[in-house]
Structures are given as structure tokens and as C-alpha cells.
Amino acid sequence: VDEVAHLPAGVSYWQQGSFKLYHHNPPLVKLAAALPVVLAHPVFDPIYQSTLWRTSDPSQATIAQVFARLNADRYFELFQLARLMMPLFSVIGGLAVFAWSKRLFGTGAGLLSLTLWAFCPNVLANARLVTSDMGASALGAAATYFCWRYLVEPGWRRAVGAGVTLGLAELTKFSMLLLPPLWLVIAVGVIASRPDWKSRARRAIPHAALAALACLLVIDAGYLFEGVGRPLGQFEFGSRALTRPVQPGAPRPHSKNPLLDVAWQFRVNRFRGTFLESLPSPLPAHFLLGFDEQKIETEGIPMRFWKAVQTGAIREEQAQPEASDEPAEGYSVYLNGVMKRTGWWYYYPLTLAYKLPEGTWLLLLLSLVPLCSAKRTGEGWANELAILLPPAAVLASMTFLTDINLGLRYILPVFPYLYISAGRIVPWIEGRAVKLRRVLSAATAAGLVASLAATAWIAPHYLAFFNWASGGPDRMPPRLIDSNLDWGQDLVALRDWWARTIPDQDLGLAYFGQINPSIFALRGAPFRWFLPPVKPGTMRPIASAPSAGLIGPAKVLKPGYYAVSASIVQGLPWRFYDPADTDRVPEAWAPAWNAYREGAFGYFKNLTPIGPPIGHSILIYKVTEEDVRRISPELERE
């Protein structure tokens, strides 16, 4: 789902030297992925020559759709090129995991930690996707390792190295802004544990300034210094962190981005009108604007703001006081068969419980024994702090500071530290009595073999991995959906199944993805599909879609074959393409239908899929006459 927008944005960075397209995330991963694609000369000029590009905030979703249409004949092949770059980040992560574990616990521990990292199904899943999660996880861990190395053996070269790697980490994902305060706590712990802590503290201050300068220069260079020095008062922000309430009746700008457009009507740049208004920003413009958009998404927009915009009561609402705990409109989130608009505090701990192999859990739990029982000096505890604090902070921030319960990928940065921590098993076992050492060695080997077997079993569908204790990837209802299981990754496999199995029949398709299924026809590979009927009152045309000629969902349910993404079966609201004839491209190319209410295709829960799902993510149903008689009344009721 996210790759579709990341890749065109990265191409535009190389070709235009501007980072305005999809500045929702920093650019490093997109730049890396797009490099071989740029060298393959994709078609992009029609976009640059259109009004889509000639705006300060181009729509990444619209441009992504146009990019797909313009390059349909080799669209999948361009993504193969981009994906070939992604394992570079997991290699960086693996090197950091091995080096840190080896330095703390020895070479055998380093190899154990590296094996867990390299063969983790969740690492393998994200290491081949054009998304920012693996880059942030790997470079975040590498940067923190360099920070720890500096603290243990101070020197200006190591300080610069820590600053440079921190800058690279900040260029992957805005969640890496969590690192500087964490480093401060780790630095206090490590320095305070040394007998020469006073002299270390004195040297650390100029070294920290040097590292901060190196980090800032890397971030600015990563954006080609675009917008560096722009006065803070000139930005339009919408997040609570960067704004204050607007004065009632004050003129406000508008944006094509719905979230920004609503936020701007009620919030104004907090620096405007203060002595900081003319202060030049030391950071690139699109770094600040992207951070602002991310904060809006994590905070959510108060529902009363949406209502005021829809009813035209903006000025009246501007005069109302704000409350910090007012209900906000957020994503639909799902856990264990329940869909709602607010998250669960235990979502991410459960996600780890479901998505880590049982063998890995055995090793992680076993590593708690030496953590809790071994005697350590102050330096030893400071070293443990460096690998325990980052994952704890990531889990706490995602659990208590956001409502984004969308996927394990948001806490992927904890994985390097978990696997480094597992390395402490090795020296602990080596220090046990012979008989106990044999038992513990056998348990460690069993845990490692079980982990490798689980990964081999799910291959190559790593994204859909769930351990057997949780019910496996095909459990109904699934434990988790979205990027945990079904992220649009199996459309090509579905089309191949259709071509092998029912090439002479139309396939009802409700697909969770951002690629128009009609792309196969443009590639010379027929694919006959239609939208299944929806429950009344759950779907409407998208305002920007063509007003005439849309086919839309089927009016009635008929016997035949249907394919429905697991996320859609569970009721996730989504945007759907119209199955119009490809002769009408480009008019009918972008998503045309919005299932704005949950459960548009939820009636498929009352049907039994045939065979295993395609790639564990797309369920196949053969609807019979009896099924039609049973389900049709549900499709007729408002």
C-alpha cells in the first residue's frame, strides 16, 4: 500500500531536486530505492508538465496513480529494481546487531544475535519493501551503537561518527527524533558509572556539540539544503506541537490535503507574531512540514473540527475553548476481531506476542535470567541501559503517545535491541556447571532451530507471519490485519490464480491495495473482475472521480467466484477502483469509490472460503445459489 507513493516521490527527488512530494517521511530510503529506477528512465515528464506538480503541496496519492498508468507496461519491474536496494538497510542493521552483541557478550553471542536478526520473518518482510521502517530500524540501531562506542571510548572522531549516523537515521523516519533524548539518558548513565566521570562529562559537552552539528549538516545535505534558513513564521503548521488556537474570524489558507485543510482553520503557527517569527530555520522546510503532518496524524483531528467544516460553522467553533482530551477522528484499528476508531494500550505487546516465532520467544525469555540474576558493576548496568532503554521507549511512546495501532512495523526499531539482548545467553551458559550447560545449550539450540523452521515454513510470505500459538496466518478471524497480514502484496498472485483456474469467468474482487487491478489489461494480460455488491449506506463515489460512466459495485449478489482481502472482510474502510473498461483510461483509473463506513463487504464473514488464501492475505469464495438466498436479505437492509 505505501510503496506505491514512496517510489514516485523518490524519483522526483532525484529528477527535480525538490522534496515537496510526499514529505510525510524523510527522503533517504526513497532516494535509495529510486536510484536504479531513475537510471531505468521511467515516464514522469507528463506529471511535471501538469498542474499536479505545479503546486506547493502536490498529492502523492494522485501522482502515484498517474505514475502507475504512465508506466503500466513495466510497473512491477520498476518496483523490483527499487526493492533490490532495500536489503542494504537490513545488512546495516545486521552489522550493528553483530558488532554490539559481540562487544558486550563475545563472538558466539554476536553470531546468535545476527542469526536471529537475519532469519526473523518480520525483518525479512520489511527488508524488501520500499518503505521507511527497515531503514529507520537499522540506522537507528547503528547510530545508537556508535553513540555507545563513543561513551565507552570517548574521542572526537567517534563523536562525529555518532552525529553522522544520527543524521542518517533522522533522514529515514520522524520517529527517530526519539533518539537524542534517549542518548542523553544513556550518556548520563554511562558517564556516571565511570570513576573519571567528571573529566568525561567535561569532554562530552564539546563533543556533543560537534555531534549535533554533524547531525544537522547531514540532515540539511539530505534535503539538498532546500528551505534551510526559511523564517519560522512563514510556515503553515497544523499540529498542536507547532501551533496555537487561531483568532476567530482570522483569514485562513486552504490545502488539498484534507487533514491540513481542517487543521489550518483552527490552528496557527505558534511562532507567528513572536520574537521567533523571523528566526531562520536550521532545518530543511520539508523536514519541518513533514514532521508537522506526521504529528497531525498521530494526534488526530478533533471530531468537532470536522463537523464545523462540514456545516460551515467554522467561526463559531474557533471561538470555543479547546480541551486536550477531546475525541479525535483517527484511523480504523483492529485487534482480535474488533474494529474501532481508538486503539488499545496493549496492542503492541500483543502484536509482538503474535508475530515473533515461539523459538525466538524462548530465547528472549531465557535471556532474562542472566539479565536479572547476574552480578554487574555500575559499568555493566550502564551497558545494559544502552540496549534496554531504546526498545522500552519505542514501545511506551507508540502505546501511550499515539493511537496508531496499525502494524508491527511501527515498533520494528525494537528488534535490533531484542536480538542483541538475546546474545547474553551465550556467556551465561558457558559459566554454568557441565550438566546444566548441556541442558541450556540444548534449549538454546532448540529455540534457534524452531525460529529458523518457522521462517522457512512461511517463506516467501513473511509479511503474513503469525506464530502457531496465536493461530497462524490463516486464523479466522485474524488476530491482526493491515500491514501485519494483508498490505496489498498478493494482487499479482491472485491474477495468476485467476488465469490458471477460471480464465473464462468474471471474478468479484474487493481488494485492499493501491494498484488498479485493470493494470494487467494495460500490460497485455487480461483480468476480468468486478466490484461485489456492498451493504447499503457504506459506499459512495469519491468526489474527484468522473461523474458519469462508472460501473460501480454489482447491484445483486450472484453465484460465482469472489476474492476479498482479509482486511476488507473484517470491515476496514477503504478506497476502491471502478472496473470500467480500460478504453476509458485515464478517466476511470484512480480510486472512484469510498467505503467510508466499516463493513461494506462484511457479509463475506458469513461465507466459508475455499482452500487456503492467496498468499495468506486474499480469501477466495465460491458463492452458491444457497449462499445468495441466505446473504441477499443482508444486502437489502439499510
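See above for the structure.
Residues numbered from 1 in each chain as written. Predicted model: local features only at pLDDT ≥ 70, side-chain atom pairs only at ≥ 80, totals over all residues. Heavy atoms only, no water.

1. Brief notes about the nonpolar core
Phe-415, Leu-494, Phe-576 and Phe-601 are the most contacted members of the largest nonpolar core, which totals 172 residues. By residue number, the principal contributor to this core is helix α9 (residues 133-152), which donates ten residues. Those residues in contact with Phe-415 that sit more than four places away from it in its chain are Trp-117, Cys-120, Asn-122, Val-123, Leu-352, Leu-356 and Leu-408. (Core = buried A, V, L, I, M, F, W, Y, C linked by side-chain atoms within 4.5 Å. Buried < 20%, exposed > 50% of the residue type's maximum accessible area, 1.4 Å probe, protein only. Helix = DSSP H or I, 4+ residues; strand = E, 2+ residues; numbered from the N terminus. Contact = heavy atoms within 4.5 Å.)

2. A word on the sheet that holds strand β7 (residues 507-510)
Within the open sheet, the four strands sit side by side as β8-β7-β10-β13. Their pairing is mixed. This sheet does not close on itself; its edge strands, each paired only once, are β8 (529-530) and β13 (618-623). Taken strand by strand, helix α23 (residues 491-501) contacts β7, β10 (560-565) and β13, and its axis lies near 170 degrees from that of β7. (Pairing = 2+ DSSP bridges. Axes fitted to C-alpha atoms, helices over the stretch in contact; angles between N-to-C directions.)

3. Some points on the pattern of salt bridges
One pass over the full model with this rule turns up 18 salt bridges. The closest approach of N and O atoms between Glu-317 and Arg-304, which form a salt bridge, is 1.9 Å. Of the two residues, Glu-317 sits in helix α16 (residues 314-318) while Arg-304 sits in helix α15 (residues 303-311), which places them 13 residues apart along the sequence. In this structure, Arg-528 engages Asp-506 in a salt bridge whose closest nitrogen and oxygen atoms are separated by 2.7 Å. Here Arg-528, found in the loop between α24 (519-522) and β8, pairs with Asp-506, found in the loop between α23 and β7; they are 22 residues apart in sequence, far enough to count as distant. Here the salt bridges share partners, and the residues they tie into one network are Asp-2, Asp-133, Lys-173 and Arg-409. (Salt bridge = Lys/Arg side-chain N within 4 Å of Asp/Glu carboxyl O.)

4. Observations regarding the side chain of Arg-495
Along the chain, Arg-495 falls in helix α23. Nearest to the buried, unbridged Arg-495 among oppositely charged side chains is Asp-496, at 4.1 Å. Those residues in contact with Arg-495 that lie beyond four places of it in its chain are Phe-520, Ala-525, Pro-526 and Phe-527. (Lys, Arg positive; Asp, Glu negative; His and termini not counted.)

5. Topic: α9
Between its first and last C-alpha atoms α9 spans 29 Å; for 20 residues at 1.5 Å apiece the expected length is 28 Å, and the two agree. Within α9, 18 of the 20 residues are buried, which leaves the element mostly enclosed by the surrounding structure. (Expected span 1.5 Å × (residues − 1).)

6. Quick word on the environment of Ile-515
Summarising the element assignment, Ile-515 is placed in the loop between β7 and α24. Separated by 62 residues in sequence, Ile-515 and Ala-453 place their C-alpha atoms 33 Å apart. Every residue in contact with Ile-515, bar those within four places of it in the chain, is listed here: Val-4, Tyr-75, Phe-76, Leu-491 and Tyr-577.

7. Thoughts on a nonpolar patch on the surface
Side chains of Leu-213, Leu-217, Phe-225 and Val-228 sit close together on the surface and give an oily, nonpolar patch of about 350 Å² of accessible area. Its place among the elements puts Leu-217 in helix α12 (residues 197-222). Residue Leu-217 is classed as partly exposed on the basis of its relative accessible area, which comes to 45%. (Patch = residues over 30% accessible without salt bridge, like charges linked within 9 Å, V, L, I, M, F, W, Y side chains within 5 Å. Areas by Shrake-Rupley, 256 points an atom, 1.4 Å probe, with all protein chains shown as cover.)

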